[in-house]
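Commentary on secondary and tertiary structure
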Amino acid sequence: MKNTFLDYGFSKEEIENRVNDTFYAITEGMNRFYFDGLKDTSYFMDTGNCDARTEGMSYGMMMSVLMDRKDIFDRMWKFSIEFMYMDEGVLKGYFAWSVAPDGKKNAFGPAPDGEEFYAMALFLAGRKWGDGEGIYNYTAWAKKILHTVIHHEIPMWEKNSALIRFVPGCDFSDPSYHLMHFYHYFALWADESDRPFWKRAEEASRKYLVKACHEKTGMNPEYGNYDGTPNPYGPPENHGDFYSDAYRTGANIGLDVLWNGENKDFSKIADNLINFFADIPTEEFMKYKIDGTIVTDENGKPEKALHPIALLAALAQTTLACSKDAKANAEKIVRRFWNTPLRTGERRYYDNCLYMFAMLALSGKYTAE
């Protein structure tokens, strides 16, 4: 697997140390957000909201399998089953997207990005460590999750278009949920009868993101209609802008190219994003309309990015899809990312999750093989 850091002249030893140090910092360091829970479980805390989310739990499991930390993986998976999995009600078979640290559910609805990351992490765990019994039969659980998300009475995917929904039953999507690189493997590893659907989803998501990303800036909205246009969905917030959730789309595009090869449409999106942000200091990242216009508040004051380190990390991962035309700016972004420390403070969870994923991707460790 391509090691971008190595290509830029960093040594294997310093790359290895940096990846290990980053994972240590978020799981054991002074500014960690990994904590022990009840019943021999552990969880990632969203430090900005003081809860555990399926987003973070599945992210932590993905990081753990890539870092070969079965102990952390199993404790987080047990927390997910013990406290988040819903075995009754109209949404039976899904995971509650938010719970308190003591396991009490804050909500009884699921978030599809959690389910798809759970499934991929579980498949990789089964392939790396082998399957055990019960909840530790990783492959069986991955297949069960993927069967549920498309065959549930309230499915997470729109069956005709094969596009992922923002939440089950709604009529719009979230561009950052489109993980075509995962669907490529779901089409190989899911229940055999479901594999054609996942192949359709892989192809449909690539086409969707070309429509959802602005033709000049490469930016996408947080929420998008199925035709790719922004869906503001609010108030109070306007989710039709390029803001926190939206940063992940470029990173996903970068990972898809890393795993599945060159895609000219994705390279154009990546080039546009990188060229737009290359000369903007990280501390001056703002909230943007997808055309690049800075969003202002009711007093006309520009709104700053809530997660600037997350955006920088996502951009660094996005460079994996860049063409030679954006080579200079891509290197500028990657080197800035390397020289930027992890975020501290109450908003560190989201930024540092994307930071860890970028570290794994740029070091060649974020792989399904």
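This report concerns the structure included in the present document. Remember, it's a predicted structure, so these values are computed and weren't measured experimentally. (Residues numbered from 1 in each chain as written. Predicted model: local features only at pLDDT ≥ 70, side-chain atom pairs only at ≥ 80, totals over all residues. Heavy atoms only, no water.)

1. Describing the overall build of the protein chain
The cut-off we apply is this: Numbering of helices and strands starts at the N terminus; helices are DSSP runs of H or I of at least 4 residues and strands are runs of E of at least 2. Under the scheme applied here, a residue whose accessible area is under 20% of the maximum for its type counts as buried, over 50% as exposed, and between as partly exposed, the area being computed with a 1.4 Å probe on protein chains only. Any two residues whose heavy atoms approach within 4.5 Å are treated as being in contact. Where accessible areas are quoted, they stem from the Shrake-Rupley method and a 1.4 Å probe; at the residue level, only the protein chains shown are allowed to cover. Positive residues here are Lys and Arg, negative ones are Asp and Glu, while His and the chain termini are left out of the count. A charge is said to be at NZ when it belongs to Lys, at CZ for Arg, at CG for Asp and at CD for Glu.
In terms of regular secondary structure, the protein chain is built from 13 helices and 6 strands. Based on the C-alpha atoms only, the size of the protein chain along its principal axes is roughly 50 × 45 × 40 Å. Burial statistics for the protein chain: of 369 residues in total, 61% are counted as buried. Intrachain contacts of the protein chain at a sequence separation of at least 6 include 65% that bridge at least 24 residues. For the protein chain, the exposed area adds up to about 15100 Å²; of that, 49% sits on carbon and sulfur atoms. Treating the 42 positive side-chain charges of the protein chain as one cloud and the 54 negative ones as another, the clouds have centres 2 Å apart.

2. Things to note about the packing of helix α5 (residues 112–129) against helix α6 (residues 138–151)
Here is the rule we go by: A fitted line through C-alpha atoms serves as each axis, taken over the contacting stretch for helices, and the angle formed by two N-to-C directions is quoted from 0 to 180°. Throughout this description, any angle smaller than 35 degrees is read as roughly parallel, any larger than 145 degrees as roughly antiparallel, any in the 65 to 115 degree range as roughly perpendicular, and the remainder as oblique. Each crossing gets its hand from how the near helix is turned against the far one by less than a right angle, where anticlockwise is left-handed and clockwise is right-handed. For this classification, the nonpolar set comprises Ala, Val, Leu, Ile, Met, Phe, Trp, Tyr, Cys and Pro, the charged set comprises Asp, Glu, Lys and Arg, and every other residue, Gly included, is treated as polar.
Contact geometry for α5 and α6: axes closest at 7 Å, N-to-C directions at 155 degrees. Considering the angle they form, α5 stands roughly antiparallel to α6. Crossing of α5 over α6 shows left-handed handedness. Here Glu-115, Tyr-118, Ala-119, Leu-122, Phe-123, Ala-125, Gly-126 and Trp-129 of α5 lie close against α6, whose contacting residues are Tyr-138, Thr-139, Trp-141, Ala-142, Lys-143, Ile-145, Leu-146 and Val-149. A breakdown of the residues in the contact of α5 with α6 according to their chemical character gives 12 nonpolar, 2 polar and 2 charged.

3. Details of the environment of Asp-7
As a reminder, the rule being used: Under this definition, polar contacts are N or O atom pairs within 3.5 Å; protein pairs additionally need one hydrogen-donor-capable and one acceptor-capable atom, and for neighbouring residues in sequence, both atoms have to be side-chain atoms.
Structurally, Asp-7 is set in helix α1 (residues 4–7). For the pair Asp-7 and Ser-363, spaced 356 residues apart in sequence, the C-alpha to C-alpha distance is 9.8 Å. A polar side-chain atom of Asp-7 sits 2.6 Å from a polar atom in the side chain of Lys-2.

4. Quick notes on helix α12 (residues 327–338)
An α-helix turns once every 3.6 residues. As a result, residues three or four positions apart point the same way. Keep this limit in mind: The span one expects for a helix is its residue count, reduced by one, times 1.5 Å.
If you check α12, its first and last C-alpha atoms are 17 Å apart, about what 12 residues at 1.5 Å a residue would give, namely 16 Å. Considered for burial, the residues of α12 that qualify are Asn-329, Ala-330, Ile-333, Val-334, Arg-336, Phe-337 and Trp-338. Each element contacted by the buried residues of α12 is listed here: α1, α2 (12–27), α10 (264–277), α11 (308–318) and α13 (348–362).

5. Brief notes about the packing of aromatic side chains
Applicable threshold: Stacked, edge-to-face and tilted labels apply to pairs of Phe, Tyr and Trp rings (six-membered ring for Trp) whose centres lie within 6.5 Å, assigned for plane angles under 30 degrees, over 60, and everything in between, in that order.
Tallying each qualifying case throughout the model produces 49 aromatic pairs. A ring pair is formed by Phe-33 and Tyr-349, whose centres lie 5.7 Å apart and whose planes are at 85 degrees; its orientation type is edge-to-face. Taken together, the positions of Phe-33 in the loop between α2 and β1 (34–36) and Tyr-349 in helix α13 put the pair 316 residues apart, joining distant regions of the chain. Here Phe-33 falls in the buried class, since its relative accessible area comes to 0%.

6. Quick notes on the nonpolar core
To keep it simple, the criterion reads: Remark: nonpolar core denotes a set of buried residues (Ala, Val, Leu, Ile, Met, Phe, Trp, Tyr, Cys) joined through side-chain atoms within 4.5 Å.
Membership of the largest hydrophobic core comes to 135 residues, with the highest contact counts inside it found for Met-62, Trp-198 and Tyr-366. For this core, the element with the most residues is α13, which contributes 12 residues. Dropping the residues within four chain positions of it, Trp-198 is found in contact with Leu-146, Val-149, Ile-150, Trp-157, Tyr-183, Phe-186, Ala-187 and Ala-190.

7. Let's talk about the environment of Asn-31
Along the chain, Asn-31 falls in the loop between α2 and β1. Apart from the residues lying within four places of it in its own chain, the contact partners of Asn-31 are Ala-25, Thr-344 and Arg-348.

8. Section: the pattern of salt bridges
Put simply, the rule is: In what follows, salt bridge is the name for a side-chain nitrogen of Lys or Arg lying within 4 Å of a carboxyl oxygen of Asp or Glu.
Taken as a whole, this structure holds 19 salt bridges when the rule is applied. Between Asp-46 and Arg-53 there is a salt bridge, and its shortest N-O distance comes to 3.3 Å. You can call Asp-46 buried: its relative accessible area is 7%. Where Asp-256 meets Arg-206, a salt bridge forms, and the shortest distance between an N and an O atom there is 2.8 Å. Of this pair, Asp-256 sits in helix α9 (residues 247–260) while Arg-206 sits in helix α8 (residues 195–212), placing them 50 residues apart in sequence. Across the pair, Arg-206 and Asp-256 agree in class, each one buried.

9. Concerning the side chain of Arg-165
On the secondary structure map, Arg-165 appears in the loop between β6 (163–164) and α7 (180–189). The buried charged residue Arg-165 lacks any salt bridge, with Glu-158 as its nearest oppositely charged partner at 4.6 Å. A distance of 3.3 Å separates a polar atom in the side chain of Arg-165 from the backbone oxygen of Pro-155. From its side chain, Arg-165 meets the backbone oxygen of Cys-170 in a polar contact 2.6 Å long. The residues contacting Arg-165, other than those within four sequence positions of it, are Pro-112, Pro-155, Met-156, Trp-157, Glu-158, Cys-170, Phe-172, Ser-173, Tyr-177 and Tyr-226.

10. Brief notes about unusual backbone geometry
Phi at Cys-50 takes a positive value of approximately 55 degrees, unusual for a residue other than glycine. Relative to the elements of secondary structure, Cys-50 occurs in the loop between β2 (42–44) and β3 (52–53).

11. Some points on the environment of Lys-143
Take Lys-143: it is sitting in helix α6. The class for Lys-143 is partly exposed, based on a relative accessible area of 28%. For the pair Lys-143 and Glu-115, spaced 28 residues apart in sequence, the C-alpha separation works out to 11 Å. With sequence-adjacent residues up to four places away left out, Lys-143 is seen in contact with Phe-123, Trp-189, Ala-190 and Asp-191.

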